[in-house]
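Residues per chain are reported as follows:
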Amino acid sequence: MTKKIWYAGTAGALFVVLLITPRPAISAPQNSGEAVRIDSDDIGGVVASAKGPEAGVWVIAETKDLPTGFRKIVVTDDRGRYVVPDLPKANYEVWVRGYGLVDSPKVQSTPGKILNLKAVVAPNAHAAAQYYPASYWYSLLQIPPKSDFPGTGPDGNGISDGMKSQAEWIKYVKTDGCESCHQLGDKATREIPKSLGVFDSSVEAWDRRVKSAQDGIIMTSVIGRMGRKGALKMFADWTDRVAHGELPPAPPRPQGVERNVVITQWDWAGPKEYFHDVISTDRRNPTVNANGPVYGVHENSSDFMTVVDPVHNTMTQVPFPVRDPNTPYSEPRGMLEPSAYWGKEPIFSSKANAHSLVMDGQGRVWVASAIRPATDPDYCGEGSKLPSAKLFPLKTSNRQASFYDPRTKQFTLIDTCFNTQHLQFAEDANNSLWFSEGVAGASVVGWLNTKLFDQTHDEQKSQGWTAVILDTNGNGKRDAYVGADQPVDPTKDKEIHAPFYGVNPSPVDGSIWGSVLGFPGGLVRLSPGSNPPETTLAEFYEVPWNNPKAPVQGFSPRGLDIDRNGVVWTVLASGHLASFDRRKCKGPLNGPKATGQQCPEGWTLYPTPGPNFKGITASGSADSNYYDWVDQFNTFGLGKNVPIATGNGSDSLEALLPGSGKWVVLRVPYPMGFFAKNIDGRIDDSNAGWKGKGLWSTYATRAPWHMEGGKGTTSKVVKFQLRPNPLAN
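Residues numbered from 1 in each chain as written. Predicted model: local features only at pLDDT ≥ 70, side-chain atom pairs only at ≥ 80, totals over all residues. Heavy atoms only, no water.

Participant: Can you help me understand the packing of aromatic side chains in this one?
Facilitator: Remark: the centre distance and the inter-plane angle together describe each pair of aromatic rings, the angle taken between the planes. Counting across every chain of the model gives 36 aromatic pairs. Centroid distance Y341 to W705: 6.4 Å. Interplanar angle 45°. Geometry classified as tilted. One end of the pair, Y341, is in the loop between strand 20 (314-319) and strand 21 (357-359); the other, W705, is in the loop between strand 45 (693-698) and strand 46 (716-722), and 364 residues separate them in sequence. By relative accessible area, which is 22% here, Y341 ends up partly exposed. The class of W705 is buried, set by a relative accessible area of 9%. Ring geometry for Y541 and F580: centres 4.6 Å apart, planes at 40°, overall tilted. In this pair, Y541 is assigned in strand 35 (residues 537-542) and F580 in strand 38 (residues 576-580), connecting sequence segments 39 residues apart. Ring pairing ties together the aromatic residues Y138, W206, F235, W238 and F613, which thus form one cluster. Against the face of Y501 rests R558, its NZ or CZ located 4.5 Å from the ring centre. (Phe/Tyr/Trp six-rings, centres within 6.5 Å; stacked < 30°, edge-to-face > 60°. Helix = DSSP H or I, 4+ residues; strand = E, 2+ residues; numbered from the N terminus. Buried < 20%, exposed > 50% of the residue type's maximum accessible area, 1.4 Å probe, protein only. Lys NZ or Arg CZ within 6 Å of the ring centre and 35° of its normal.)

Below you can see the structure in the form of structure tokens.
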């Protein structure tokens, strides 16, 4: 809004009246035949190349004049017109990026100006392909044929004899391998960096590469599980073919509603820090913390909570405390081989190991974080009076809990007996906070009664946990059970080893759902009962694999979420976003035969967008999907209950329209390397239309130096908004 001064004389007196009027619109005739209208805080115009107006390409406006780096990105309409709306006052570099193009020269501009831009057509296919998402390059990977499985070991075909099927191999090629942490297929990984060294073969180069830096122990372990000889041969063949000029298929330009997306980014944290999650509001009420700060945590990389104020465009960091100074570093201080980027410097230095975070109705930020060494207090184990410890005593937990109160600017640390990783609030009277354990736990599900904790500050009495117990005898109650390592006894219940990775309470019936990694993996529904943990029972639903009753086969879930109807959504390493609707189940859900494959009819699998790997004929794509999130309250604009997957290899978020099965791809074209691990949605002003709401995420790659820009590049927090048309301002 601008102020207009109006002078009026009455009876010899002069009155100065300040009138608040709409921003004056600026327009200019364009060669497209229609004007582009902008306000005083917009930049707009037409993008054209030697071929004419360029539809579905991105216009990027970036500035370093603000307290932290800032950029906005929009898409041109079918006539090549664009409007970058609502820019803070600053000097901007503006340029064009698009598939089939190379970046146009950067032009200086300021808000309030019409700026026509000249796009540059790529001189050849190789130049055009440098802007394609990583997953398109990764799709050139040649997967070993089904006939190579089971593997015959190092003296045979080089594939581990533990790899029983091609599908299990793909699981490690994607989210259970390197792509749980960073992209494969970006320029940093599809090429062998000169700084890595000189080698006689690409196999040697890859063998050296996977031993690099603090995570080298993890990377080389993954290669070992696949079969070192076979895995190195596959990756070396891929990069050799890329080096010799093989190119991926071209991705489509944004179409339809994809052209209405507005992306805003703020730089946050330093070049040695990576993020895991971001939070902006209370999932149960997305109007909490309207226009407020956005928070992110750094897992292994540093002991800070990073905060961006999107109104004032500032970035700050809050030190993350631990209770015990002897809390160990979460990453090893040594390494097998130096990093190609940081040498022998152990850049990851966290003890708190803050993984995921959620916000409550008071705007407090709750975090899964370590506060002490792994050995649990005595009250967690045998001989304890805690109800959960009596039933299932615990000895260790690598990560506990904490919360940050923005009003007091203080952390409160909470010692949990169980391990924590992801977390989510239930919609219950106790404001219960449920936790997953991740991959390194005792296979229990834990919770914190935050209402009781607020009243008493008693961390012992406020927590509970339960083993995962199936009602195998089918009597509808929890009673004597056999252990996870014991055979089924049809007269008793059965414990299963099913540590939750993702966790989400159902808004429909209060059940708790968790995803279980592995092959083929599955979902667990936990019913707390009237007196948990004594009354808590579980149901297990395996992803349909080799199940003749399932029309589509899939495998290996990762994250999950749930919609307001109780339908669970999860992402699969098979290249699918999958829904599971328990209401569709026809057979008994409990009893001796309910061991996982009792409800294939509950599953629906949707192949994710993009090409698949070479040698794969099954449905799915080469994209890797770490997590998913359901827009329960239409905080973006595609409707309520729209599931959105993180497109970790495709620089995107991928929204599925369940009614039609069609995808809306929210691509982040700059800087290349967008790799999200969670999504949040907030409503800042319910009366402001598209401008009053949006999605939040962050670049969460463990290797920000792999992103476009290389070493020194920092992560960015990203806001997605959906306007009614590409020119709305």
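Participant: Just to check I follow, could you spell out the state of the cysteines for this structure?
Facilitator: Scanning the entire structure with this criterion turns up two disulfides. One disulfide in the model links C380 with C417; its S-S distance is 2.0 Å. Taking the torsion about the sulfur-sulfur bond, which here is approximately -75°, the covalent link between C380 and C417 counts as left-handed. Taken together, the positions of C380 in the loop between strand 22 (365-369) and helix 8 (387-391) and C417 in the loop between strand 24 (410-414) and strand 25 (423-425) put the pair 37 residues apart, joining distant regions of the chain. The exposure class of C417 is buried, given its relative accessible area of 0%. (Disulfide = S-S within 2.5 Å.)

Participant: How should I be thinking about the pattern of salt bridges in this particular structure?
Facilitator: Should the charged atoms of two oppositely charged side chains come close, the side chains can pair. Applying the stated rule across the entire model yields 36 salt bridges. Between D561 and R283 there is a salt bridge whose closest N-O contact spans 2.9 Å. With D561 in strand 36 (residues 557-562) and R283 in the loop between strand 17 (277-279) and strand 18 (294-297), this residue pair connects regions lying 278 residues apart in the sequence. For the pair shown, D561 and R283 are each scored as buried. Salt-bridge contacts for E539 lead to R582; the nearest nitrogen and oxygen are separated by 2.9 Å. Of the two residues, E539 is situated in strand 35 and R582 in the loop between strand 38 and strand 39 (603-607); the sequence distance between them amounts to 43 residues. (Salt bridge = Lys/Arg side-chain N within 4 Å of Asp/Glu carboxyl O.)

Participant: Is there a simple way to explain helix 3 (residues 166-173) in this structure?
Facilitator: Since the α-helix advances by 3.6 residues per turn, residues separated by three or four positions end up pointing in the same direction. Among the eight residues in helix 3, eight count as buried, and that is most of the element. For helix 3, every residue scored as buried is listed here: Q166, A167, E168, W169, I170, K171, Y172 and V173. Close packing links the buried residues of helix 3 with helix 2 (134-138), helix 6 (216-226) and helix 7 (228-243). (Contact = heavy atoms within 4.5 Å.)

Coordinates in, geometry out; function isn't part of it.
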